[in-house]
Amino acid sequence: MGNHKVSYNGEEGISFMVWAPNAQEIQLVGDFNDWDGSSHKLKNLYDSGVWSIFTTDLSQGDIYKYNVVGCDGVSRLKSDPYGTYAELRPETASKVFDLGKFNWSDKKYLDQKNKKSVFEQPINIYEVHLGSWKRKWDGDFFNYEELYEMLEYCKDMGYTHIELMPITEYPLDMSWGYQTIGYYATTSRYGNPNEFKAFVDKAHELGLGIILDFAYSHFCKDIHGLYRFDGSAQYEYASPLKAENLAWGTAHFDVGKPEVNSFLLSNVLYWFKEYHIDGIRVDAVSSMLYLDYDGGDWEPNQYGGKENIEAINFLRRLNEVIYANVENPIVVAEESTAWPMVTSPTYSGGLGFSYKWNMGWMNDTLKYMEKDPVYRKYHHDLITFSFMYAFSENFILPLSHDEVVHGKKSLLDKMPGDDWQRFANLRLLYAYYMIHPGKKLLFMGSEFAQGLEWRYAYGLEWELLEIEQHSKMKDYVKDLNYLYKDEKSLYELDNTYKGFDFIDPNNKDQSIITLMRLSKDPKDFIIAVLNFTPNVYYDYKVGVPYEGIYEEILNSDNEKYYGSNQIMENAELVSVDENWHNKQYHITIKVPPLGATFIKLNKEKTVKLEKELAKEKAKQSKQQIDEIDEKNNTVKITDEPTKETTVEKEYDSKIIEKTAEKSKKDFKVETTKKSKKTKNNRNKKKKANKKRLLNK
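Fair warning: this is a prediction, and the values are worked out from it, not measured in the lab.

### Side note on the sheet that holds strand E26 (residues 549–555)
In space, the 6 strands of this open sheet follow the order E22-E23-E24-E29-E26-E27, with antiparallel pairing throughout. Pairing within the sheet leaves two strands with one partner each, and these edge strands are strand E22 (500–507) and strand E27 (573–574). Inspection of the sheet shows strand E23 (residues 512–518) paired to strand E24 (residues 525–531) by 7 bridges, in the antiparallel sense. Residue Ile513 lies in a different strand from E24, and its bridge partner there is Leu530. Those strands touched by helix H12 (residues 419–435) are E23, E24 and strand E29 (595–601), and its axis lies near 145 degrees from that of E24. Each of E26 and E29 is contacted by helix H13 (residues 468–486), which is oriented at about 135 degrees to E26, the strand it contacts most.

### Here's the deal with the sheet that holds strand E4 (residues 43–44)
What the 4 strands build is an open sheet, ordered E1-E2-E5-E4; its pairing is antiparallel. This sheet does not close on itself; its edge strands, each paired only once, are strand E1 (2–8) and E4. Examined bridge by bridge, E1 and strand E2 (residues 11–19) share 7 bridges and lie antiparallel to one another. Along E2, the bridge assignment pairs Gly2 with Met17.

### Notes on the confidence of the model for the protein
Regions with low pLDDT carry predicted coordinates that are not meant to be interpreted in detail. Scored by pLDDT, the protein comes out at a mean of 90, with 91% of its residues at no less than 70. Residue range residues 635–660 is modelled with pLDDT below 50. Its contacts to residues more than four positions away, or to other chains, number 26 contacts. Low pLDDT (under 50) marks residues 689–696, which in the prediction has 18 contacts with non-local residues, meaning those over four places away or in another chain.

### A few points about the pairing of strand E20 (residues 395–399)
When you tally the buried positions in E20, you get 5 out of 5 residues, the bulk of the element. Both faces of E20 are covered, namely the face carrying Phe395, Leu397 and Leu399 and the face carrying Ile396 and Pro398. Bridge analysis of strand E19 (residues 355–357) against E20 gives 2 bridges, and the strand direction is parallel. Its bridge partner lying in E20, Trp357 is registered against Ile396. Bridging between E20 and strand E21 (residues 439–443) involves 4 bridges; their strand directions are parallel. Looking at E21, one finds that Ile396 is bridged to Lys439.

### Here's the deal with the packing of helix H3 (residues 148–157) against H13
Viewed as axis vectors pointing N to C, H3 and H13 meet at an angle of 70 degrees, and their least axial separation amounts to 8 Å. Considering the angle they form, H3 stands roughly perpendicular to H13. Side by side, H3 and H13 meet where Tyr153, Lys155, Asp156 and Met157 of the first sit next to Lys474, Val477, Lys478, Asn481 and Tyr482 of the second. Classifying every residue of the contact of H3 with H13 gives 4 nonpolar, 1 polar and 4 charged.

### Describing the environment of Pro300
One can find Pro300 in the loop between helix H7 (285–289) and helix H8 (309–325). Along the backbone, Pro300 and Asn328 are 28 residues apart, and their C-alpha atoms lie at a distance of 37 Å. In contact with Pro300, not counting residues within four places along its chain, are Leu291 and Gly305.

### Brief notes about the pairing of strand E3 (residues 25–29)
Counting buried residues in E3 gives 4 out of 5 residues, a clear majority hidden from the surface. For E3 and strand E6 (residues 63–69), the ladder comprises 5 bridges, and the chain directions are antiparallel. Bridging from a neighbouring strand, Gln27 pairs with Asn67 of E6.

### Description of H8
Spanning 17 residues, H8 covers 25 Å between terminal C-alpha atoms, matching the ideal 24 Å at 1.5 Å per step. Buried positions along H8 lie against helix H6 (258–275), strand E17 (279–282), H7 and strand E18 (330–333). Two or three places before Glu310, at the start of H8, stands the capping residue Asn308, its side-chain oxygen 3.2 Å from that residue's backbone nitrogen.

### Some thoughts on the packing of aromatic side chains
Counted by the stated rule, this structure contains 57 aromatic pairs. Here Phe387 and Tyr432 contribute two aromatic rings whose centre-to-centre distance is 6.4 Å and whose plane-to-plane angle is 75 degrees, an arrangement assigned as edge-to-face. Highlighted residues: Phe387 in the loop between helix H10 (381–384) and E20 and Tyr432 in helix H12, separated in sequence by 45 residues. Taken individually, Phe387 and Tyr432 each receive the classification buried, so the pair is uniform in this respect. Sitting above the plane of the Trp462 ring, Lys134 keeps its charged end 5.5 Å from the centroid. The side chain of Lys136 reaches across the aromatic face of Phe142, ending 5.7 Å from its centre.

### Observations concerning a nonpolar patch on the surface
Among the surface-exposed residues, Val374, Tyr375 and Tyr378 lie close enough to one another that they form a single nonpolar patch of about 370 Å² accessible area. Structurally, the position occupied by Tyr378 is in the loop between helix H9 (359–369) and H10. For Tyr378, a relative accessible area of 57% gives the class exposed.

### Concerning the pattern of salt bridges
Tallying each qualifying case throughout the model produces 35 salt bridges. Between Lys520 and Glu120 there is a salt bridge, with the nearest N and O atoms lying 3.1 Å from each other. Here Lys520, found in the loop between E23 and E24, pairs with Glu120, found in the loop between helix H1 (107–113) and strand E9 (124–128); they are 400 residues apart in sequence, far enough to count as distant. Salt bridges sharing partners connect three or more residues here, namely Glu163, Asp213, Arg281, Asp283 and Glu334.

### Notes on the environment of Val529
Along the chain, Val529 falls in strand E24. Using a relative accessible area of 0% as the deciding quantity, one classes Val529 as buried. Measuring from C-alpha to C-alpha, the distance between Val529 and Ser287 comes to 39 Å, with 242 residues separating the pair along the chain. Other than its neighbours up to four places away in sequence, Val529 contacts Ile512, Ile513, Thr514, Tyr540, Val542, Ile589, Val591, Gly595, Ala596 and Thr597.

### Description of the side chain of Glu487
Considering the arrangement of structural elements, one finds Glu487 in the loop between H13 and E22. Given the relative accessible area of 12%, Glu487 is considered buried. At 2.5 Å, the side chain of Glu487 and the side chain of Lys600 are in polar contact. When sequence neighbours within four positions are dropped, the list of residues in contact with Glu487 reads Asp524, Ile526, Ile553 and Lys600.

### Side note on the side chain of Gln121
Inspection of the secondary structure puts Gln121 in the loop between H1 and E9. Overall, the relative accessible area of 17% leaves Gln121 in the buried class. Among residues more than four places away in sequence, those in contact with Gln121 are Lys113, Lys116, Asn328, Lys439 and Tyr491.

Criteria and cut-off values
Residues numbered from 1 in each chain as written. Predicted model: local features only at pLDDT ≥ 70, side-chain atom pairs only at ≥ 80, totals over all residues. Heavy atoms only, no water. Pairing = 2+ DSSP bridges. Helix = DSSP H or I, 4+ residues; strand = E, 2+ residues; numbered from the N terminus. Contact = heavy atoms within 4.5 Å. Axes fitted to C-alpha atoms, helices over the stretch in contact; angles between N-to-C directions. pLDDT = per-residue confidence, 0-100. Buried < 20%, exposed > 50% of the residue type's maximum accessible area, 1.4 Å probe, protein only. Parallel < 35°, antiparallel > 145°, perpendicular 65-115°, else oblique. Nonpolar A, V, L, I, M, F, W, Y, C, P; charged D, E, K, R; others polar. Expected span 1.5 Å × (residues − 1). Polar contact = N/O pair within 3.5 Å; in protein donor to acceptor, adjacent residues only side chain to side chain. Phe/Tyr/Trp six-rings, centres within 6.5 Å; stacked < 30°, edge-to-face > 60°. Lys NZ or Arg CZ within 6 Å of the ring centre and 35° of its normal. Patch = residues over 30% accessible without salt bridge, like charges linked within 9 Å, V, L, I, M, F, W, Y side chains within 5 Å. Areas by Shrake-Rupley, 256 points an atom, 1.4 Å probe, with all protein chains shown as cover. Salt bridge = Lys/Arg side-chain N within 4 Å of Asp/Glu carboxyl O.

Right, dumping it as structure tokens:
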């Protein structure tokens, strides 16, 4: 299908083929024949509905259309549904383009990517609209080669993937690409197909994966597109109740037709194979699954239900075809309802997607973050409920373009409080997003706290990077991104409870949650304490699973991120052998205001301390034995408590006091003035803790 350079009867020319089963006649027209197709009529091959013509009259770059005389007798000028290139809007003709052979240089990247399942790899996506990441002063778009700058930027920022909002050809800028005309054509806004291949190749050279957005749920009704292509409901449903997408003014694909299935399934493989993309996101899946999605009139399925059986079967088939033909793909569903088993295998009754956007998490989280901190304790469930279903699907956490348009405000503008509090809240949101199970997606501009909503016709507010708090926000997001890539506990067991432990979800009065993420190595974990109020908390106890020395590895309140610097940098947090939060041990920390602290067990320091204590203990034990030998000439070993074991305990107590004293010197924190009675009580508790550790 489409146009292809071929040799026929010894002549080099172009073959054109198109499917139009109910057309009466089809002519090939363009500048090459002054738009008079009488001499370029296509033949209906064996009355199959597939029309074809070979001609030597066109060459690379020439424009063309099909003049389709429909079953209703009306002539319509149509773009090629299988065309690979088109004119720049507002022009609508297809262009002859020979894809030829492209010299790919991404084998090393592909080999590396396919060594591990995508589920065990870090996936941190930067969502981009190519037309508004940056815009030239005269309003022109940056081309693919000029957008290498964006690829370098993403590499520097520590992202792993870039998701491009639709780059298939579309007529209306305002649709952002989601109302497609040419499903096989890269939009000419940014360059030709081979230039897009070079763009993907460059991304792979930098270690970045490319995910493309597709709207397989619906298509636009422009006269030169798929709608009423042969005068009948060729690509869309025949029934208006199923064909019309009332909310968007578009038409639904009739995915019950084998030919339409073939058109779409071939299309997805075309992008994977021809352009080496790493994944796709299917937009508006919910609108496909439900016959009553628009809220208007609808007709039930053959079983009397509201589910679209053809769409369910198509989506399953889509995923089966991708997994059968593409190694280690990423296939994402934007599904906004509670439809079950979206990411379960098709053989077990699921739809078969790799991932689903977690829209519930996004809605609850933003609703919570928009509240004044004083009221957050009354809505604590908004920040904890998502953990009840976090592993019911393979989720991506989306802070996407949909949340920063149409009066919803930018992420920064959603945050309550004065200027400092808004930035602190946004940093806290990003910390919560990063520690929460699920892969990550952040829309462009959010990484430096863009102030305005996203505007598709203008570039981002890059000038904000000259302002301290915006520049430091970018630095903070960059550090978070690299921490995510470096720490297996943040991604290796994303889809199972084995990788998660909710240490304390219940502290709603202080609006603090404490959770732990784990990797396959049980001693490789990160504990996060998140404080959703502007209060600082000192001597805050946190349960930990292992004895040892802990340290803070990231604090959102660090002054280098525009915070108030309530941090524990270089502090050695020594565990105490006392049960807390259902853990055998606990540490005492400082909790930053409107902030998050990430804490990790320092294995090296812990092992070193254990060796030093063991060495000192052995040395002292030898001294005790020598002293007893001198006094009694014998050493009685018994299971009963003796003076000797009492001496040993007293020695252990001294060692522990010595270690605690050293820890206190290293970890200096500001504390509020407390009464003498409070200090005495705290000292008594510490002595009791030491005795418990002593009696291990």
